[in-house]
Structure formats: structure tokens, C-alpha cells
Amino acid sequence: MGTFMANYIQEIRALVGHKPIILNAAGGILLNDRQQVLLNLRTDTHNWSLPGGYLEYGETYAQAMVREYKEDSGIDVKIVRSLGVFDKGETRYPNGDVTQVICQLYLVAAVGGHTLDQATDETLDLQYFDFDQLPPLLNDQTAEMLAAAKQQLV
């Protein structure tokens, strides 16, 4: 990871425990030819979210987006354009961690790789969904991001 500080969030959590903290993240909207959005079924919360994740120390939103999208989905993406910044609400994880996430959302296009063919430590499944028929989502922020993407793209 070069100059990035690997496991930055784990190091912060080791210091602050479950205390609420603000974290920066990047998420991506990838559409198929039917204008459906790709979501990943999370291993930690067993609900669905957009591929993406937290910035490591030293990363930009764009760098984190490309890295995290690949980790969560197996797909190499390039950023097409920004769809906005989302900063409302909090996420409570099963382990007791609480975060307010500031998320930069991007429209992305696939440029390589392929969807994961087996579960990983973060992703159980990947599926495309209609914007009007979404599965149980991670949190209100995920729902907000999908609503904004639908309004801008579909």
C-alpha cells in the first residue's frame, strides 16, 4: 500500500474503543445494461450496501474508491463522475462500533476484473437490483445515496 498507513481504522479503534468517530469513505454506483445497480451482501451486518469503503490514511477518495470496489466486488472500475457527498446519520456495527460516515459517491464504469465467484471476509454475494426493488440496506445513508443516484441517472 506504499505510503498509506495500513489498518489505520484498526489502529484508531484500538485507541478509542467503540466511541463514536467520524470516518471518510467512498462508494460506487455501477449500472448494468438494464439500469440496475450492483450491491454487495455484507458479511458483518448481513444486509446490502454499495461496494466501497473507508479511506486508509494518505488515500484520496478516488484511490479508496478504486481499491475498495475491487476488494468488495472483484471488478476493476474507473470513476466516471461524482454523484455527491453524503454525511448524514450514523452506522452501528454488530461489534459495537459507531461511526458517522462522510461518503463520496461516484458513478463508476467497469474496466476489468470480474465479479467475485466466492465469498470473501467482506462480501457474501453480489447482485444487481432495480432501484425500485432494493433489498434490506446497511443504513439510511445507503438508501439516500441510492435515491440520489436514481434521481441523477435513471
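Analysis parameters
- Residues numbered from 1 in each chain as written.
- Predicted model: local features only at pLDDT ≥ 70, side-chain atom pairs only at ≥ 80, totals over all residues.
- Heavy atoms only, no water.
- UniProt positions renumbered as here; feature names shortened; annotations may be inferred.
- Phe/Tyr/Trp six-rings, centres within 6.5 Å; stacked < 30°, edge-to-face > 60°.
- Helix = DSSP H or I, 4+ residues; strand = E, 2+ residues; numbered from the N terminus.
- Contact = heavy atoms within 4.5 Å.
- 1 Å grid on protein atoms, 1.4 Å probe; cavity = no way out; pocket = protein on both sides within 12 Å on 5 of 7 lines; lining within 4 Å.
- Points joined across faces, edges and corners; volume = space filled by probe spheres on them.
- Nonpolar A, V, L, I, M, F, W, Y, C, P; charged D, E, K, R; others polar.

Looking at an unreviewed UniProt entry, the protein carries the name ADP-ribose pyrophosphatase, with the source organism given as Levilactobacillus zymae. Here the protein is described in UniProt, under the heading Cofactor (unreviewed entry), as follows: "Mg(2+)".

Here the focus is the packing of aromatic side chains. Considering all chains together, one arrives at 2 aromatic pairs under this definition. Between Tyr-8 and Tyr-57 the ring centres are 5.6 Å apart and the planes differ by 40°, which places this aromatic pair in the tilted class. Here Tyr-8 is found in helix H1 (residues 8-16), whereas its partner Tyr-57 is found in the loop between strand S4 (52-54) and helix H2 (61-73), with 49 residues between them in sequence. Aromatic pair Trp-48 and Phe-129: ring centres 4.9 Å apart, planes at 75°, arrangement edge-to-face. Here the residue Trp-48 occupies a position in strand S3 (residues 48-49), and Phe-129 occupies one in strand S8 (residues 123-129), the gap between them amounting to 81 residues.

On to the UniProt feature "domain: Nudix hydrolase" (unreviewed entry) in the protein. Sites flagged by UniProt as "domain: Nudix hydrolase" (unreviewed entry) map to residues 21-151. Secondary structure content for residues 21-151 is 19% helix and 44% strand, and the end C-alpha separation is 30 Å.

When you line up the elements, Ile-102 lands in strand S7 (residues 98-113). Separated by 51 residues in the primary sequence, Ile-102 and Leu-153 place their C-alpha atoms 22 Å from one another. Leave out the neighbours within four places in its chain, and Ile-102 touches Ile-22, Leu-23, Asn-24, Ala-25, Tyr-61, Val-85, Phe-86 and Asp-87.

Each pocket or cavity is described by its volume, and for the largest pocket that value is around 950 Å³. Broken down by class, the residue content of the lining of the largest pocket amounts to 14 nonpolar, 15 polar and 11 charged.

Quick look at the environment of Val-85 now. Examined against the element boundaries, Val-85 turns out to sit in strand S5 (residues 75-86). Separated by 18 residues in sequence, Val-85 and Cys-103 place their C-alpha atoms 5.6 Å apart. What Val-85 contacts, discounting residues up to four positions off in sequence, is Ile-102, Cys-103 and Gln-104.

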